[in-house]
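Observations on the model geometry
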Amino acid sequence: MTPASVRTQLVREVGCALDGVLGEPTALVLAIAVADAEGLSRSERLRVAVDGRSLAAAEHPGPAGTRWHTVDAPAGRLRIEYEATVRGRARPAAVSPLDRILDVRPSRYVQSDIVPALIHGEVVRAFATLPPLERIGAVRDAVGGALEYSWASTRLTDGIAEPLEAGQGVCRDFAHVVAGILRATDLPARVVSVYAPGLEPMDFHAVVEVAVGEEWLLVDATGLAPRRTMLRIATGRDAADTAYLASDGSALALTSVRVRAAASECGPELPEELLALG
């Protein structure tokens, strides 16, 4: 007889397909593989090819289980395919002393040092007076109310000032603004790229983890997908660390990005629920 815990084990099917053109030989860095984590088992396949010829990919460990893959690719038509079946839930990530130092500092896209000038110092001070859990909810709601989700509304080089001025952005903009405000109030916050079953429109998704005590709590001001089934890909200071594809120059032109993510159970999103990414 199969135990109920096995019968109801969470299963997530995720993957992506990227197509593009390389105008010259290029070193690629991918962050599309599911992160390593205790509690998860996975079967997966990664293939990188140019003009139909498969290329070797080297794996490199990063923060919180991030798995970067590097590929030296010649010029030609690029095709990247990744698929994974993941079973179980990840053991919650621990907060380290180094996290508490690094994740309250300004970074390339999360310029927390200019937050008081962007949203008025008294507002930041008001957030800072709230207990951490109440502060997280207040910041999430404030950012969700200030920004409208609008696909392709901001540039890849935008930090937190541009979406706040425009009043709109994509998931990475929401994540950067949330992380910036929380860092400005001395709560460590980091950006995580995830596969997000139930996300509409489907894409790679960006969320925030906030350190409260010894726990990383998951925050998503967009509210576009249930956090319970999100699956970690890459973790870092901001989108500079979590980009799904980077290259050593401008020779890469992407023509298509397709992402899929499904889960065996996918309940509604409850914004007030305290969750760790699993």
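Throughout what follows, the structure given in this document is the object of discussion. Owing to the predicted nature of the structure, the values given are computational and were not obtained by experimental measurement. (Residues numbered from 1 in each chain as written. Predicted model: local features only at pLDDT ≥ 70, side-chain atom pairs only at ≥ 80, totals over all residues. Heavy atoms only, no water.)

1. Considerations on the layout of surface pockets
Let me state the cut-off plainly: Note on definitions: the grid is 1 Å and covers protein atoms alone; a cavity is a set of points where a 1.4 Å probe fits but cannot get out; a pocket is an open set with protein on both sides within 12 Å along at least five of seven lines; lining residues have an atom within 4 Å of a point. Grid points are joined across faces, edges and corners, and a volume is the space filled by probe spheres set on the points. Strands are runs of DSSP state E lasting at least 2 residues, helices are runs of H or I lasting at least 4, and numbering of each runs from the N terminus. Residues are grouped as follows: nonpolar covers Ala, Val, Leu, Ile, Met, Phe, Trp, Tyr, Cys and Pro; charged covers Asp, Glu, Lys and Arg; every other residue, Gly included, is treated as polar.
By volume, the largest pocket amounts to about 1,000 Å³. In this structure, the largest pocket is lined by 32 residues; those nearest its centre are Leu156, Val170, Arg172, Asp203 and Tyr244. Elements that contribute at least two residues to the lining of the largest pocket include exactly helix H7 (171-184), strand S10 (189-195), strand S11 (205-212), helix H8 (239-242), strand S14 (245-247) and strand S15 (252-263). Empty space within the second largest pocket amounts to approximately 460 Å³. Around the second largest pocket, the lining comprises 26 residues; the ones closest to its centre are Pro63, Ala64, Gly65, Arg190 and Thr235. Going through the elements one at a time, helix H2 (97-102) and strand S13 (231-236) are the ones with two or more residues in the lining of the second largest pocket. With 4 residues, the top contributor of residues to the lining of the second largest pocket is S13. Taken together, the residues that form the lining of the second largest pocket break down as 13 nonpolar, 4 polar and 9 charged.

2. Some points on the sheet that holds S11
We apply this condition: The rule for pairing is simple: two strands pair if DSSP sees at least two bridges between them. Here an axis means a line fitted to C-alpha atoms, over the contact stretch when the element is a helix, while the angle between two N-to-C directions is reported on a 0 to 180 degree scale.
What the 4 strands build is an open sheet, ordered S12-S11-S10-S13; its pairing is antiparallel. Both outer strands of the open sheet, strand S12 (215-219) and S13, are each paired with one neighbouring strand and no more. Adjacent strand axes in the sheet meet at a mean angle of 35 degrees when their direction is disregarded. Of the pairings in the sheet, the one linking S11 to S12 comprises 5 bridges and is antiparallel in character. Paired with Val212 across the strands is Glu215, a residue of S12.

3. Some words on the pattern of salt bridges
Oppositely charged side chains can pair when the atoms bearing their charge come close. Selection rule: Here, a salt bridge means any Lys or Arg side-chain nitrogen found within 4 Å of an Asp or Glu carboxyl oxygen. Categorising residues by exposure relies on relative accessible area from a 1.4 Å probe, with only protein chains included: less than 20% of the type maximum marks a residue as buried, more than 50% marks it as exposed, and the intermediate range marks it as partly exposed.
Counted under the stated rule, the structure contains 21 salt bridges. Between Arg258 and Asp19 there is a salt bridge, with its nearest N and O atoms 3.4 Å apart. Of this pair, Arg258 sits in strand S15 while Asp19 sits in strand S1 (residues 11-22); the two residues are 239 residues apart in sequence, bridging distant segments of the chain. Arg258 sits in the partly exposed class, given a relative accessible area of 41%. In this structure, Glu81 and Arg79 form a salt bridge, with 3.1 Å as the shortest nitrogen-oxygen distance. We classify Arg79 as partly exposed; its relative accessible area is 26%.

4. Side note on the packing of aromatic side chains
Threshold: Ring pairs are drawn from Phe, Tyr and Trp, using the six-membered ring of Trp, whenever the two centres fall within 6.5 Å, and their geometry is named by plane angle: stacked under 30 degrees, edge-to-face over 60, tilted for the rest.
Per the stated rule, a full pass over the model turns up 3 aromatic pairs. Where Tyr195 meets Phe204, the ring centres are 5.8 Å apart and the plane angle is 45 degrees; that geometry is what we call tilted. Take Tyr195: its relative accessible area is 0%, and that puts it in the buried class. Under the relative-accessibility criterion, Phe204 is labelled buried at 10%. A centroid spacing of 4.6 Å and a plane angle of 20 degrees characterise the contact between Phe204 and Tyr244, whose relative ring orientation is stacked. Of this pair, Phe204 sits in the loop between S10 and S11 while Tyr244 sits in the loop between H8 and S14, and the two are 40 residues apart along the sequence. Residue Tyr244 is classed as partly exposed on the basis of its relative accessible area of 26%.

5. Quick notes on the pairing of S1
Counting buried positions over the 12 residues of S1 gives 9, a clear majority of the element. With 12 bridges connecting them, S1 and strand S7 (residues 76-87) associate as antiparallel partners. Its bridge partner being in S7, Leu22 is matched across the sheet by Gly76.

6. Let's talk about the side chain of Thr66
We count it as follows: Polar contact is defined as a pair of N or O atoms within 3.5 Å, subject to the rule that within protein one atom must be able to donate a hydrogen and the other to accept it, and that residues adjacent in sequence are counted only when both atoms are side-chain atoms. Here, residues are in contact when the closest pair of their heavy atoms is within 4.5 Å.
Inspection of the secondary structure assignment puts Thr66 in the loop between strand S5 (58-61) and strand S6 (67-73). Engagement of the side chain of Thr66 in a polar contact is seen with the backbone nitrogen of Thr235, the distance being 2.9 Å. In this view, Thr66 contacts Ala35, His60, Pro61, Ile233, Ala234 and Thr235; residues no more than four positions away in its chain are not counted.

7. A short note on the packing of helix H5 (residues 132-146) against H7
Operational definition: Note on terminology: angles under 35 degrees are roughly parallel, angles over 145 are roughly antiparallel, angles of 65 to 115 are roughly perpendicular, and the others are oblique. Crossing handedness: left-handed means the near helix sits turned counterclockwise from the far one by under a right angle, and right-handed means the same turn made clockwise.
With their axes 10 Å apart at the nearest point, H5 and H7 run at an angle of 140 degrees to one another. Between H5 and H7, the crossing angle belongs to the class labelled oblique. Relative to H7, H5 is oriented so that their crossing is right-handed. In this structure, H5 contributes Ile136, Val139, Val143 and Gly144 to the contact, and H7 contributes Phe174, Val177, Val178, Ile181 and Leu182. Taken together, the residues that form the contact of H5 with H7 break down as 8 nonpolar, 1 polar and no charged.

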